[in-house]
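Residue-level structural notes
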Amino acid sequence: MKEIRFHGRGGQGAVTAAEMIAIAAFEDGRFSQAFPAFGVERRGAPVLAFARIDDKPIRMRSQVYEPDYVIVQDVTLLDVVNVAGGLKPDGKIIINTDKDASAIKLNTEADVVAIDATRIALETLGRPIVNTTMLGAFCGATGEVKLESLEKSILTRFPGSLGEKNIQAIRTAYERVAR
Amino acid sequence: MKMIVKEEMSLRERMARMRVVEGSYAVAHAVKCCSPDVISAYPITPQTHIVEHISQFVADGELDSEFLTVDSEFSAMSSLVGSSAAGARCYSSTTSQGLALMWEVLYNASGMRLPIVMTVANRALSAPLNIWNDQQDSVGARDSGWIQLYAEDVQEAADAIPQAYKIAEDPEILTPVMVCMDGFILTHVYEPVELLSVEEVERFLPPYRPKNILDPENPKTFGAFADPSYFTELRYMQWDAHRRALKKIETVAREFAEQFGRWYGGLIDTYRADDAEVIIVTMGSVIGTIKDCIDEMRSEGMKVGLVKIRSYRPFPTEALRKALKDADVVAVIEKDVTVGNEGALLTDLKAALYNTPTRIPVIGFPAGLGGRDITVRDIRRVVDKAIAARDRGIEAEIEFLNLREDLL
């Protein structure tokens, strides 16, 4: 089982991102689960969401404490939240930042992946909403879901031109991160 | 057991029928497939998404129901009492303070023998204000005369809706049913679910054709007045209907499994309990985490099993006696506490075993109160405590799981 933790701020769509990964993984023929760390939702407050992916049905209902992957949608969270807490040493943490990965100091042995998702989102969507862009980076950095499955899940959730723009953002981030 | 094997075999086949949806959507969709005539509800976290989805179905013309937007939960249940007495199939959903506000009407609905179905998105009761999950709300309503079914996952919470109508509307039962699902944990999770269809549900659930309804052509009264010479018998008849429901719940679960291939247990279900020395008894969404933990402990040679309470009212006394008779020790994990005594399920379970030859330690753990997470590590600690109670005797009959001594 692979476990993913999303760090965002209220209004940035962390919960939607978790949902998109769950739908994409299921599209790939795997089982999945996504849920928010239920809080009193306020715009701008730090929020958490989780996703699990497995080859068999998922029964576990506790929160994720030792994630394989962490996605950080807002770099300012690094000052207020221990985003790398519990992250597996062989895992990956994907951070939305305009800095180089080497410039980011985190208490983890896991790979740090830097992506300037805000810039990509502004250029493609015209708005600094980075949740879908970060999914493209996740997909490129981990290969846990297929790009086409992710795109399909985005189009289901956001039909029409909004979906198309989001797919463009996802592809840009994917290509920048995938090697 | 046969049904479980069937389920395993067709997993890939079932995946083709599944969609990843939110728990609340799956429940709303199941309600739609039961075609209720009247829906009345007041939004309250974490139930809100369920009624939002239902009102969307009505607005989009996908569901031909009267959707009453009322001013409170008291009005929600009151309007359903009237509608149900007039012969309508009725649905509501609520949680926590909303359920508390319905309190006196809950007793009216069951006392008038109205087969209303309601989802309770389980949440803690104030004070202090807490919007998160535990089961204090519905456990507190255990004496209201409603049948209470508890769901382990989203699929079960959705599939329980047509089952609930089939149980409730049976002329031998005529009792309202609460389907309880853990708030947020199940209402807000996205996971793969097989959605029901109207056609399938119509084959499973016959139309509601009540004999006694409010009818201007044939005037009758419901729940009006019973003096001491009648009241006891009316309560007895409710009590007796619950006794019949013990069988009906099993029958309906089996019929559902035959048609849909999905089985959640009848009154109870068991997991690796046949040769288990330690048995955990619980209800609701924590069961999934416990099952994973049991697999882990079994691989280490520990004989641990689970008994899941699916029907809390009627209480499955006989089924529990049978399931627990060969265990060495029982640990009850429950998301409620009766302040002034112990967990409600612990009391019920010990009472069920008392007049039997089964003399084993039974200890209880109020857990997950106000949304505190329950982890595999917590379950392991419960099992360790149970083993200690077996080997060295009971030290504490009740222990609050994960109590933070530093805050006391």
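Residues numbered from 1 in each chain as written. Chains lettered and ligands numbered in written order. Predicted model: local features only at pLDDT ≥ 70, side-chain atom pairs only at ≥ 80, totals over all residues.

A short note on the overall build of chain B
- Counting its regular elements, chain B contains 15 helices and 14 strands.
- What you see for chain B is a C-alpha radius of gyration of 21 Å, in line with the 22 Å of a compact globule of 408 residues.
- In terms of overall dimensions, chain B has C-alpha extents of about 70 × 55 × 45 Å along its principal axes.
- Taking all 408 residues of chain B together, 52% fall into the buried category.
- Long-range pairs, those at least 24 residues apart, make up 80% of the contacts in chain B with a sequence separation of at least 6. (Helix = DSSP H or I, 4+ residues; strand = E, 2+ residues; numbered from the N terminus. Rg over C-alpha atoms; globule rule 2.2 N^0.38 Å. Buried ≥ 20, exposed ≤ 12 C-beta atoms within 10 Å, placed from the backbone. Contact = placed C-beta atoms within 7 Å.)

Topic: the domain arrangement of chain B
Residues and elements named next belong to chain B.
- We note that the domain assignment places domain 1 (2-260) and domain 2 (268-407) within chain B.
- If you average the C-alpha positions of domain 1 and of domain 2, the two centres end up 27 Å apart.
- Residue-level contacts link 25 residues of domain 1 with 20 residues of domain 2.
- When residues of the side of domain 1 that touches domain 2 are traced back to their parent elements, those giving at least two are helix H8 (136-140), strand E6 (147-150) and helix H11 (231-260).
- When residues in the side of domain 1 that touches domain 2 are grouped by element, the largest group, 5 residues, is from H11.
- Broken down by class, the residue content of the side of domain 1 that touches domain 2 amounts to 12 nonpolar, 7 polar and 6 charged. (Domains from an automatic or database assignment. Nonpolar A, V, L, I, M, F, W, Y, C, P; charged D, E, K, R; others polar.)

Digging into the interface of chain B and chain A
- Each partner contributes residues to the interface: chain B has 21 residues there, and chain A has 18 residues.
- Sorting the residues of the side of chain B that touches chain A by element identifies strand E8 (190-194) and helix H12 (286-299) of chain B as the ones contributing at least two each.
- Looking at the side of chain B that touches chain A element by element, the count peaks at 5 residues for H12(B).
- Of the residues contributing to the side of chain B that touches chain A, the split by class is 11 nonpolar, 6 polar and 4 charged.

With respect to the nonpolar core
- Membership of the largest hydrophobic core comes to 186 residues, with the highest contact counts inside it found for A:Ala18, A:Ile21, A:Ile94, B:Ile161, B:Val179, B:Ile279 and B:Ala331.
- Ranked by residues supplied to this core, first place goes to helix H1 (residues 14-27) of chain A with 11 residues.
- Two domains each provide a minimum of three residues to this core, namely domain 1 (2-260) and domain 2 (268-407) of chain B.
- For B:Val179, the residues in contact, after removing those within four places along its chain, are B:Val117, B:Thr119, B:Leu149, B:Ala151, B:Ala157, B:Ala160, B:Ile161 and B:Ala164. (Core = buried A, V, L, I, M, F, W, Y, C linked by C-beta atoms within 7 Å.)

Overview of the packing of helix H2 (residues 117-124) of chain A against helix H3 (residues 131-142) of chain A
Residues and elements named next belong to chain A.
- With their axes 9 Å apart at the nearest point, H2 and H3 run at an angle of 120° to one another. Compared by their axis directions, H2 and H3 come out oblique. When the axes of H2 and H3 are compared, the crossing they make is right-handed. Across the interface between the two elements, Ala 117, Ile 120 and Ala 121 of H2 pack against Thr 133, Met 134 and Ala 137 of H3.
- Residues belonging to the contact of H2 with H3 are distributed by class as follows: 5 nonpolar, 1 polar and no charged. (Axes fitted to C-alpha atoms, helices over the stretch in contact; angles between N-to-C directions. Parallel < 35°, antiparallel > 145°, perpendicular 65-115°, else oblique. Left-handed = near helix turned anticlockwise from the far one by under 90°.)

A look at helix H14 (residues 344-354) of chain B
- Burial in H14(B) covers these residues: B:Ala344, B:Leu345, B:Leu346, B:Asp348 and B:Leu349.
- Of the surrounding elements, those touching the buried residues of H14(B) are H8, strand E10 (278-282), strand E11 (304-309), helix H13 (317-324), strand E13 (329-334) and strand E14 (362-366) of chain B.

Details of the confidence of the model for chain B
- With 98% of its residues at a pLDDT of at least 70, chain B reaches an overall mean of 96.
- Both scores are available for the predicted complex, with the pTM at 0.96 and the ipTM at 0.96. (pLDDT = per-residue confidence, 0-100.)

Digging into the sheet that holds E14(B)
Residues and elements named next belong to chain B.
- The 5 strands are arranged E9-E11-E10-E13-E14 in an open sheet whose pairing can be described as mixed. Because the sheet does not close on itself, it has two edges, and the strands there are strand E9 (268-271) and E14. For this sheet the average axis-to-axis angle between neighbouring strands, irrespective of direction, equals 20°.
- The sheet contact formed by E10 and E11 spans 5 bridges and is parallel. Counted as the bridge partner of Val 281 is Val 307 from E11. (Pairing = 2+ DSSP bridges.)

Section: unusual backbone geometry
Residues and elements named next belong to chain B.
- The residue after Thr 45, namely Pro 46, is reached through a cis peptide bond having omega 0°.
- If you trace the backbone, Pro 46 turns up in the loop between strand E2 (38-41) and helix H4 (48-59).
- Cis rather than trans, the peptide bond between Ser 126 and Ala 127 has omega equal to -5°.
- You can see Ala 127 is positioned in the loop between strand E5 (117-122) and H8.
- One non-glycine residue, Leu 174, adopts positive backbone phi at about 35°.
- As for its position among the elements, Leu 174 is in the loop between helix H9 (154-168) and strand E7 (177-182).

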